[in-house]
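Breakdown of the fold
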Amino acid sequence: MLTDQQLQQFQEAGYLILPNFKTAAEITALRTRAAQIVDAFDPEASRTIFTTREQEKQVDHYFLDSATRISCFFEEEAFGADGVLRQEKALSINKIGHAMHDLDPVFSEFSRGPALAQVAADIGLKQPQIWQSMYIFKQPGIGGEVRWHQDATYFDTTPVSVTTFWFALEDATLDNGCLWAEPGGHRTPMRERFVREGDQVRVEKLSDLPWSDDRSAIPLEVQAGSLVCFHGLLPHYSAPNRSPVSRHAYTLHVTDGCSAYSSLNWIQRTPDFPVRGFL
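Residues numbered from 1 in each chain as written. Predicted model: local features only at pLDDT ≥ 70, side-chain atom pairs only at ≥ 80, totals over all residues. Heavy atoms only, no water.

This part takes up the overall build of the protein. Scanning the protein from N- to C-terminus turns up seven helices and 15 strands. A globule of 279 residues ought to have a C-alpha radius of gyration of about 19 Å, and the protein, at 18 Å, matches this closely. Counting every position in the protein, which comprises 279 residues, the buried fraction comes to 56%. At a minimum sequence separation of 6, the contacts of the protein that also span at least 24 residues come to 83%. Total accessible area on the protein is roughly 12400 Å²; 51% of this is exposed by carbon and sulfur atoms. A gap of 2 Å separates the mean positions of the 25 positive and 36 negative side-chain charges of the protein. (Helix = DSSP H or I, 4+ residues; strand = E, 2+ residues; numbered from the N terminus. Rg over C-alpha atoms; globule rule 2.2 N^0.38 Å. Buried < 20%, exposed > 50% of the residue type's maximum accessible area, 1.4 Å probe, protein only. Contact = heavy atoms within 4.5 Å. Areas by Shrake-Rupley, 256 points an atom, 1.4 Å probe, with all protein chains shown as cover. Lys, Arg positive; Asp, Glu negative; His and termini not counted. Charge placed at Lys NZ, Arg CZ, Asp CG, Glu CD.)

Next comes the structure, spelled out in structure tokens:
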């Protein structure tokens, strides 16, 4: 499916943008299902927020259990000082995670198929395994920043194989918090590793190499329907969304079954709930 030029782009820059990968009908189906999940979510069941800052202090059982469930997480700024939602529930959720691709038929259909399998094969994934799915809302006005990071931090394999499949469900622009990435940054070492032992997690620092800045990073503005694939070591981040427009996106984190998946990664699967690929 991919041209030699596209493969060269992925190898040299560490990311690849494929416009019009998903149709408007496919996007509508996923967005409708996500809205239904949020509508059915009881805010009193959990008030867990999602943040990329001091994660080892923010993790709780609700987050850890979401590895094999469908769970909703609030934006950092969703609640006022009085503990009450500052806006309606539908505009307060940061994301849904992390096993929709295996537990929900609509998400499973969006997450799989020959086209995705071919892209994975073209970029070198011999045995794709989808470990995590996330529906990200990037809510208008309060959509939280996602700090600079590498996805390999959370999906450590030997050799590094995790690849992110990021689908734009709405136009992603500078105004509403599009992705930023450091072209070629996938050649830098892994800076951190997110380790889980039982119910305890910690972030191990592996390198003192500083994160990117505006001089080396570029914005990845894409239109709805685009697929962005990027290497697990590619440094990337997204700014807060202070605009009146949301930036919905859906992501899959995929490793190669031919690599060794660390037993210290926070998501693990058991024989009765095995990890699966694109087909």
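A separate point is the pattern of salt bridges. All chains considered together, the criterion is met by 15 salt bridges. A salt bridge links aspartate 102 to arginine 112; its shortest N-O distance comes to 2.7 Å. Here aspartate 102 is found in helix H5 (residues 100-103), whereas its partner arginine 112 is found in the loop between helix H6 (105-111) and helix H7 (114-122), with 10 residues between them in sequence. Each of the two residues, aspartate 102 as well as arginine 112, counts as buried. Across the salt bridge formed by arginine 202 and glutamate 204, the nearest N and O atoms sit 2.8 Å from each other. Linked through salt bridges whose partners overlap, the residues forming this network are Asp156, Arg193, Glu197, Arg202 and Glu204. (Salt bridge = Lys/Arg side-chain N within 4 Å of Asp/Glu carboxyl O.)

Overall, antiparallel pairing links the four strands, which are arranged S5-S13-S8-S11 in an open sheet. With one partner strand each, in any of the chains shown, strand S5 (146-149) and strand S11 (218-220) form the two edges of the open sheet. Direction aside, the axes of adjacent strands within the sheet are offset by 25° on average. Of the strand pairs in this sheet, strand S8 (residues 179-181) and strand S13 (residues 236-238) are connected by three bridges, and their pairing is antiparallel. Pairing of leucine 179 across the sheet is with serine 238, part of S13. (Pairing = 2+ DSSP bridges. Axes fitted to C-alpha atoms, helices over the stretch in contact; angles between N-to-C directions.)

Note that serine 263 resides in the segment after strand S15 (260-261). Assessed through its relative accessible area of 62%, serine 263 is described here as exposed. In sequence terms serine 263 and arginine 196 are 67 residues apart; their C-alpha atoms lie 8.6 Å from each other.

In this section: the pairing of strand S9 (residues 192-197). With six bridges connecting them, S9 and strand S10 (residues 200-205) associate as antiparallel partners. Within S10, the position partnered with glutamate 192 by the bridge is lysine 205. Connecting S9 to the antiparallel partner S10 that follows it, the hairpin turn spans two residues, and glycine 198 within it adopts a positive phi of roughly 65°.

This part is about the side chain of lysine 22. Tracing the chain through its elements places lysine 22 in the loop between strand S1 (15-18) and helix H2 (24-40). Although buried, lysine 22 forms no salt bridge, and the nearest oppositely charged side chain, glutamate 26, lies 4.0 Å from it. Looking at lysine 22, its side chain comes within polar contact range of the main-chain oxygen of phenylalanine 110, at 2.7 Å. (Polar contact = N/O pair within 3.5 Å; in protein donor to acceptor, adjacent residues only side chain to side chain.)

Our next topic: the packing of aromatic side chains. Summed over the entire model, instances satisfying the criterion amount to 17 aromatic pairs. With centroids separated by 5.4 Å and ring planes inclined at 65°, the aromatic side chains of tyrosine 62 and phenylalanine 73 adopt a geometry described as edge-to-face. Of the two residues, tyrosine 62 is situated in helix H4 (residues 61-65) and phenylalanine 73 in strand S2 (residues 70-74); the sequence distance between them amounts to 11 residues. A network of ring pairs unites the aromatic residues Phe21, Phe107, Phe110, Tyr135, Phe137, Phe167 and Tyr250 as a single cluster. It is lysine 22 that lies over the ring of phenylalanine 110; its NZ or CZ is 4.2 Å from the centre. Cation over ring: arginine 191 sits above tryptophan 211, and NZ or CZ is 4.5 Å from the ring centre. (Phe/Tyr/Trp six-rings, centres within 6.5 Å; stacked < 30°, edge-to-face > 60°. Lys NZ or Arg CZ within 6 Å of the ring centre and 35° of its normal.)

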